[in-house]
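Observations on the model geometry
The chain contents come next:
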Amino acid sequence: MQKKLYLDYNATTPCDPAVVDAMLPFLSENFGNTSSIHHSFGWLAEEAVEASTDQIANILGISPDNIIYTSGSTEGINMVLKSFSNKYKPSGSHIITCKTEHKAVLDTCAYMEKYEGVSVTYLNVDTSGLINLNDLKAALRPETVLLAIMYANNETGVIQPIQDIAKIIADQNIFLFIDATQALGKVELYDALEVADFACFSAHKAYGPKGIGLVYYKDNKAKKALHSFIQGGGQQKTLRGGTINTPGIVGFAKSIELSCENLSDDMIRITQLRDQLEEGLLRIELSSSNGHSAPRLPNTCNISFPFVNGADLLRALSKDIAVSNGSACNAASENPSHVLTAMRIDPDLAFSSLRFSIGKYTSEEDIIKTINIVDKEVNSLREKNILWERRKN
Ligand code: PLP
């Protein structure tokens, strides 16, 4: 049987074998609970968590004291956003975010609007996927408490100008939260982390295990703003109760070490492969690329294939290739991608678009095979489409 091609690294990544090796002892012989402060099993776990936290902090250029472990980015996003409910500002909180954010942000904002009376402004993006800084300036209000902007988009890879965004709210007493989930291990984050008050990450997007992520907070002022939603046990300075996920944290540290240590070399290779893939897919008649004119992640491309229904194409490809029509967390939705429609892409075209996201195990051979298979399936579906036939005649 032919190996299936995996080009859905933005949905999740396989654990690097070295990550699994690092974690294994903490699932078996070193299984202690970090809260068991009276015996060596607990001490060993505590030492491992401390060493891993130092390592993560060191690589990301942040303080190890300013990290809260979570189950992943969805939890991190909920923690940060919900901290800014009306409890934070009894006179009423206003949050600014963007229409192309991940559903973890959009659904949490919708919940806060509905149940907590919070007011939310959703910034538009232009056709390249970038927010307009003048729109941001115009959206600011005296009651604005938080600006939540993703670093890189999961569907198009588009990278927002975080530095410029931060300048606009500097000295305004507004916290800046960056969803950096897709950026980890793909681009340098020092500059963005320098200006962010909060950021969230998730290990499974960068060859680490599922079920572990972190929230970074910049300083004491940011820490004070955070509200604890999981009580019990007093772990993590009482900000997030529950037994610490020692194997997950050890694996997270190893995955960050591996994905950040050769970042620029790896990304040169990955950019070349992505460009080769994109060029090949754009040779298919009428196809077009979404989000390519903005700065974007090196591993992602989003391509529209007019006269083809994206769901049909996904089904046809699924025997050979794993790709997606957007966010894995939103795969069940029957609506066109909210990211592409926010970029003013026609809903029909959005429906015929697929996201290809490659990773460190992608080879040139995979790229060539993918181009050939997609070309074949697009043409075969078009042949069954009466509109395509009419257009040709
Ligand atoms: N934010 C972005 C940009 C994502 O791509 C994802 C996952 O796809 C999330 C948040 C949610 O992350 P997690 O799966 O860790 O909950």
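All values derive from a computational prediction rather than experimental measurement.

With five bridges joining them, strand β3 (residues 94-98) and strand β4 (residues 119-123) adopt parallel strand pairing. Paired with Ile-95 across the strands is Val-120, a residue of β4.

Around the ligand there are 14 residues in total, and Thr-74, Asp-179, Gln-182, Ser-202 and Lys-205 lie nearest to it. Thr-74 has a polar side-chain atom sitting 2.5 Å from an oxygen atom of the ligand. A distance of 2.5 Å separates an oxygen atom of the ligand from a polar atom in the side chain of Ser-202. Burial of the ligand by the protein chains amounts to 91% of its free accessible area of 390 Å². Here the element with the most residues in the shell around the ligand is helix α3 (residues 73-83); it accounts for three residues. Within the shell around the ligand, the residues separate by chemical class into three nonpolar, nine polar and two charged.

With that settled, the discussion passes to the domain arrangement of the chain. Domain assignment breaks the chain into domain 1 (5-13 + 262-390) and domain 2 (17-260). Between the C-alpha centres of domain 1 and domain 2 there is a distance of 28 Å. Taken together, the contact between domain 1 and domain 2 spans 34 residues of the former and 36 residues of the latter. Note on domain 1 versus domain 2: buried area summed over both sides is about 3,000 Å², and carbon and sulfur give 57% of it.

This next bit is on the sheet that holds strand β2 (residues 67-70). What the seven strands build is an open sheet, ordered β2-β8-β7-β6-β5-β3-β4; its pairing is mixed. Edge positions in the sheet fall to β2 and β4, since each has one partner strand and no second. Going from strand to strand, the sheet's axes swing by 20° on average, the running direction of each strand aside. Helix-sheet contacts for helix α2 (residues 40-60) involve β2, β7 (198-202) and β8 (213-217), and the interaxial angle to β2 is about 115°.

Procedures and definitions
- Residues numbered from 1 in each chain as written.
- Predicted model: local features only at pLDDT ≥ 70, side-chain atom pairs only at ≥ 80, totals over all residues.
- Heavy atoms only, no water.
- Pairing = 2+ DSSP bridges.
- Helix = DSSP H or I, 4+ residues; strand = E, 2+ residues; numbered from the N terminus.
- Near = heavy atom within 4 Å.
- Polar contact = N/O pair within 3.5 Å; in protein donor to acceptor, adjacent residues only side chain to side chain.
- Areas by Shrake-Rupley, 256 points an atom, 1.4 Å probe, with all protein chains shown as cover.
- Nonpolar A, V, L, I, M, F, W, Y, C, P; charged D, E, K, R; others polar.
- Domains from an automatic or database assignment.
- Contact = heavy atoms within 4.5 Å.
- Buried area = accessible area lost by both parts, 1.4 Å probe.
- Axes fitted to C-alpha atoms, helices over the stretch in contact; angles between N-to-C directions.

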